[in-house]
Amino acid sequence: MVASLGPKVIEVRTPADLDAVEALVMPGGESTTMSMLLERSGLLAPLAERLAAGLPVLGTCAGMILLAEEIVDGRADQHRFSALPITVRRNGYGRQLASFEVDLDVAGLSHPFPGVFIRAPVVEQVGAGVEVLASVEEHPVLCRSGSVTVASFHPELSGDSRLHQGWLSLAGVLEESSAVEEPVTERH
Ligand code: GLN
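Cut-offs used in this document
Counting starts from 1 at the beginning of each chain's written sequence and moves along it residue by residue. Given that the model is predicted, a residue must reach a pLDDT of at least 70 before its local features are reported, and side-chain atom pairs must reach 80 or more before they are shown or counted; all residues, however, enter totals for whole chains, interfaces and linings. Computation of side-chain values: all heavy atoms of the structure, hydrogens and water removed. Proximity is defined per residue: if any heavy atom of the residue lies within 4 Å of a molecule or strand, that residue is considered near it. Residues adjacent in sequence count toward polar contacts only when both atoms are side-chain atoms; beyond that, a polar contact is any pair of N or O atoms within 3.5 Å, and within protein one must be able to donate a hydrogen and the other to accept it. Using a 1.4 Å probe, accessible areas were evaluated by the Shrake-Rupley method; residue-level cover was limited to the displayed protein chains. Here the nonpolar group is Ala, Val, Leu, Ile, Met, Phe, Trp, Tyr, Cys and Pro; Asp, Glu, Lys and Arg are the charged ones; every other residue, Gly included, is treated as polar. Helix and strand definitions here come from DSSP, where helices need a minimum of 4 consecutive H or I residues and strands a minimum of 2 consecutive E residues; each element is numbered from the N-terminal end. To sort residues, take the accessible area from a 1.4 Å probe on protein chains only and compare it with the maximum for the residue type: under 20% means buried, over 50% means exposed, and anything in between is partly exposed. The contact rule is simple, with two residues in contact once any of their heavy atoms fall within 4.5 Å. Two strands pair under a simple rule: DSSP has to find at least two bridges between them. What counts as a salt bridge is simple: a side-chain nitrogen of Lys or Arg found within 4 Å of a carboxyl oxygen of Asp or Glu. Only rings of Phe, Tyr and Trp enter the pairing, Trp through its six-membered ring, and a pair is recorded when the two centres are within 6.5 Å. The plane angle decides the type: under 30 degrees is stacked, over 60 is edge-to-face, the rest tilted.

Visitor: Mind showing me how you'd approach the site of the ligand here?
Guide: Around the ligand lies a shell formed by Gly28, Gly29, Glu30, Ser31, Cys61, Ala62, Ile65, Arg90, Asn91, Ile118, Arg119 and His154. Within the backbone of Ala62, a nitrogen or oxygen atom sits 3.1 Å from an oxygen atom of the ligand. At 2.6 Å, a side-chain N or O of Asn91 approaches a nitrogen atom of the ligand. Contact with the protein chains covers 95% of the free accessible surface of the ligand, which is 300 Å². In terms of residue class, the shell around the ligand is made up of four nonpolar, five polar and three charged.

Visitor: Would you explain the side chain of Ser152 in this entry?
Guide: Position of Ser152 among the secondary structure elements: in the loop between strand 10 (148-151) and helix 5 (162-170). Residue classification places Ser152 among the buried residues on the basis of a relative accessible area of 0%. Ignoring anything within four residues of it in the chain, the contact list for Ser152 reads Cys61, Met64, Phe117, Ala120, Pro121, Pro140 and Val141.

Visitor: Help me understand unusual backbone geometry in this model?
Guide: In terms of backbone geometry, most residues other than glycine have negative phi values and most peptide bonds are trans. The phi dihedral of Ser82 falls on the positive side, at around 50°, and the residue is not glycine. Turning to its location among the elements, Ser82 is positioned in the loop between strand 3 (68-72) and strand 4 (84-89). Using a relative accessible area of 36% as the deciding quantity, one classes Ser82 as partly exposed.

Visitor: Just to check I follow, could you spell out the pairing of strand 9 (residues 139-145) for this structure?
Guide: Across a regular strand the side chains alternate sides, sitting on one face of the sheet and then on the other. With five of its seven residues buried, strand 9 lies for the most part within the structure. Relative to strand 9, strand 8 (residues 131-136) is paired through five bridges, and the arrangement is antiparallel. Among the inter-strand pairings, Glu131 is bridged to a residue of strand 9, identified as Arg144. Counting the residues in the hairpin turn of strand 8 and strand 9 gives two residues, including Glu137, whose phi is positive at 50°. Bridge analysis of strand 9 against strand 10 gives four bridges, and the strand direction is antiparallel. Counted as the bridge partner of Cys143 is Val150 from strand 10. Where strand 9 folds back onto strand 10 in an antiparallel hairpin, the turn is made up of two residues, including Gly146, whose phi is positive at roughly 60°.

Visitor: Please explain the pattern of salt bridges as it appears in this structure.
Guide: Note that side chains of opposite charge can pair when their charged atoms are close. By the definition in use, this model includes seven salt bridges. A salt bridge links Glu131 to Arg144; its shortest N-O distance comes to 3.7 Å. Of this pair, Glu131 sits in strand 8 while Arg144 is found in strand 9, placing the two residues 13 residues apart along the sequence. Residue Glu131 is classed as partly exposed on the basis of its relative accessible area, which comes to 41%. On the accessibility criterion, Arg144 (22% relative accessible area) is partly exposed. Two residues, Arg162 and Asp160, come together in a salt bridge whose shortest N-O distance is 2.7 Å. For Arg162, a relative accessible area of 18% gives the class buried. Residue class for Asp160 comes out buried when judged on its relative accessible area of 13%.

Visitor: I would appreciate a short explanation of the packing of aromatic side chains in the present structure.
Guide: We describe a pair of aromatic rings using the distance from one ring centre to the other and the angle between the two ring planes. In this structure the tally under the stated criterion is five aromatic pairs. Between the aromatic rings of Tyr93 and Phe117, the centroid separation amounts to 6.0 Å while the plane-to-plane angle is 65°, which identifies the pairing as edge-to-face. Of this pair, Tyr93 sits in the loop between strand 4 and strand 5 (99-104) while Phe117 sits in strand 6 (residues 113-118), placing them 24 residues apart in sequence. Assessed through its relative accessible area of 12%, Tyr93 is described here as buried. On the numbers, 5.5 Å between centres and 45° between planes, the contact of Phe117 with Phe153 is tilted. On the criterion of sequence distance, the pair formed by Phe117 in strand 6 and Phe153 in the loop between strand 10 and helix 5 is long-range, its members being 36 residues apart. Residue classification places Phe117 among the buried residues on the basis of a relative accessible area of 1%. An aromatic cluster is built from Tyr93, Phe100, Phe113, Phe117 and Phe153, whose rings are joined through pairwise contacts.

Written as structure tokens, this is what we have:
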């Protein structure tokens, strides 16, 4: 999704890869496995440092779990970055609702965004300074705090690029006006 919007994309697997990026997507997957891999790859400390320094990050689903301050129903030894003050419950939508799709009303978007939820975490609490941009029933599903954006769903699976576009603009990677090319004029 990011590549389709223009920026160069690399996979971050080592601390050197991390040094090379100016914004980071922490994808879905399995947060306990990702936690172990972050440890083994030596990424845990450098990533915590970059996050503390304001690296723009988009965490989706398992990525959101890793960025949370509190994890309910996680593994006791699961790492978390506490990059924003939210409490998430892993697999919180239960068995019947484990995976579902729902149209979301997102703050700042003119028409609904298709939300694809796959064994998604439930956001149970949000702390001070967290902006809730979309909710399903009473639970936030899209939140932002400073340079950190998290979604309990998978915006990359819906074919709708508006959330990535907004996030990349906010991250300063994509110019907000990139859709409307301004003529180049000479400056004196
Ligand atoms: N259930 C997964 C976890 O606990 C997250 C699922 C996902 O990323 N789609 O990490």
